[in-house]
Amino acid sequence: MDSGKQQLQSPFDADASEADGGMGDSMRALLITEIQEIKPKSIHQTTDYIDGTTAENQLVKPTRLPIPRPGVDQVLIRVAACGICHTELDEIEGRTAPPHLPVVPGHQVIGRVVEMGDDVTKHKVGDRVGVGWIFSSDGSRNENLSPAFRATGRDVNGGYAEYMVVGEDYAYAIPSVFSDEEAAPLLCAGGVGYRSLMLTGLQDGQTLGLTGFGGSGHIVLSVAKHMYPNSKVYVFARSAKTQEFAIGLGADWAGSTTDEPPEMCDAIIDTTPAWTPILSALAVLKPGGRLVINAIRKENRDVDVLKSIDYAEHLWKEKEIKSVANVASHDLRDFLRIAAEIPIKPEVTVFQLDEANGALRSLKAGGVQGSFVLHMMVEYMVKAAFR
């Protein structure tokens, strides 16, 4: 995050720098090396150049790795930007733990193709592409549910690095209307948000609720207003600042998680890590309505609130609860087309790769408006200018 602070020595070794613009043998990367509890730290408290130069503060550890080489059906991407997602917190804290450590996290990746395998036909060198949560699967319509599903940045190395490889079928052309930083959140917060919206079964003119209003919620609001112009959208968020943010982006009403909206909702999408919003949402859901939970995992801090669930109030009259599991490649292709038509302009806060630890702690603290994005190349430009 650009805060005018003095830049100290980067933790990445400088001897293999690409400051001359070439592709050397190694790359900067950040690794999850252990499962640990994250102590939240507000963005306003983050004043160090790298909130994590000491071992006890590192959630992701800086290193240099060999630049991967693409397989026959893969492309090598030079990463320009990578969104920061709450799922990274779930990985670090073990709720959706990587099957092996260390691993490079990150699954909202934007970059350019710099090398291709011999069998690649869908891309060419220089193409700008994006990679989402789905790294590979069986290619079926329900590939997001397949045992073959592998997640970017969890099951395989992801985008908190200067380069990554991915199969050509899971690299998506990025519309030119978006900058790298604007495009990054579309690959997860946008894509899975779009899938959540489709799973609500909402019809134009029905009322949609959004509980939680971070990276995904603020994108879904724009999509819903575009696809369902006669529908009202109500936002439930903890802070008054976030409620004001939602109104500024077009929400018809915004209140706290437990407030009663102007009318009951036909469908609600929950994007929070907590359980209290689930009960609050069910209480304001119309008979026959559907609650869609857009979360890979829930935290257990308030899990005891489920003991207060009341069948008559929260579940009776054919109310439904549906979870979102991952995302399919067709979701991302469809969503990117719609996002460009609108066009969606996500609210982003940009950090350098060195600042990822501070950004992750701030995300854990909550109250983030819009999306956090890591940018990979500015430091190199600065170094090159002073060589």
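Please refer to the structure placed before this passage.
Residues numbered from 1 in each chain as written. Predicted model: local features only at pLDDT ≥ 70, side-chain atom pairs only at ≥ 80, totals over all residues. Heavy atoms only, no water.

Points about the packing of helix α4 (residues 215–227) against helix α8 (residues 329–341)
Put simply, the rule reads: Fitted lines through C-alpha atoms give the axes, limited to the stretch in contact for helices. The angle between two N-to-C directions lies from 0 to 180 degrees. Here a helix means four or more residues in a row that DSSP labels H or I, a strand means two or more in a row labelled E, and each is numbered from the N terminus. By definition in this entry, angles of less than 35 degrees are roughly parallel, angles greater than 145 are roughly antiparallel, angles of 65 to 115 are roughly perpendicular, and the rest are oblique. When checking whether two residues touch, look at their non-hydrogen atoms; a contact exists if any pair is within 4.5 Å.
Viewed as axis vectors pointing N to C, α4 and α8 meet at an angle of 75 degrees, and their least axial separation amounts to 11 Å. Put simply, α4 runs roughly perpendicular to α8. Seen from α4, the contacting residues are Ile219, Val223, His226 and Met227; seen from α8, they are Phe335, Ile338 and Glu341.

Notes on the packing of helix α3 (residues 189–200) against α4
For clarity, the threshold we go by: Crossing chirality is assigned from the near helix's rotation relative to the far helix, an anticlockwise turn below a right angle marking it left-handed and a clockwise turn marking it right-handed. Residues were grouped as follows: Ala, Val, Leu, Ile, Met, Phe, Trp, Tyr, Cys and Pro as nonpolar; Asp, Glu, Lys and Arg as charged; and all remaining residues, including Gly, as polar.
Between α3 and α4, the least distance of the axes is 8 Å, while the angle of their chain directions is 50 degrees. Judged on the interaxial angle alone, α4 and α3 are oblique. In terms of crossing hand, the pair formed by α3 and α4 is right-handed. Each of Ala189, Gly190, Gly193, Tyr194, Leu197 and Met198 in α3 lies in contact with α4, whose residues at this interface are Gly215, Ser216, Ile219, Val220, Val223, Ala224 and Met227. For the contact of α3 with α4, the per-class residue count stands at nine nonpolar, four polar and no charged.

Observations concerning the sheet that holds strand β15 (residues 320–323)
We count it as follows: For two strands to pair, DSSP has to find at least two bridges joining them.
If you trace the six strands from one edge of the open sheet to the other, you get β12-β11-β10-β13-β14-β15, paired in parallel fashion. Of all strands in the sheet, those with a lone pairing partner are β12 (253–255) and β15, marking the two edges. Taken over all neighbouring pairs, the strand axes of this sheet differ in orientation by 20 degrees on average, direction set aside. Taken together, the four bridges between strand β10 (residues 208–211) and strand β13 (residues 265–270) define a ladder with parallel strand orientation. Looking across to β13, one finds that leucine 208 is bridged to alanine 267. Those strands touched by α3 are β10, β13, β14 (285–293) and β15, and its axis lies near 155 degrees from that of β14. Contacting β10, β11 (233–236) and β13, α4 crosses the sheet at an angle of about 170 degrees to β10.

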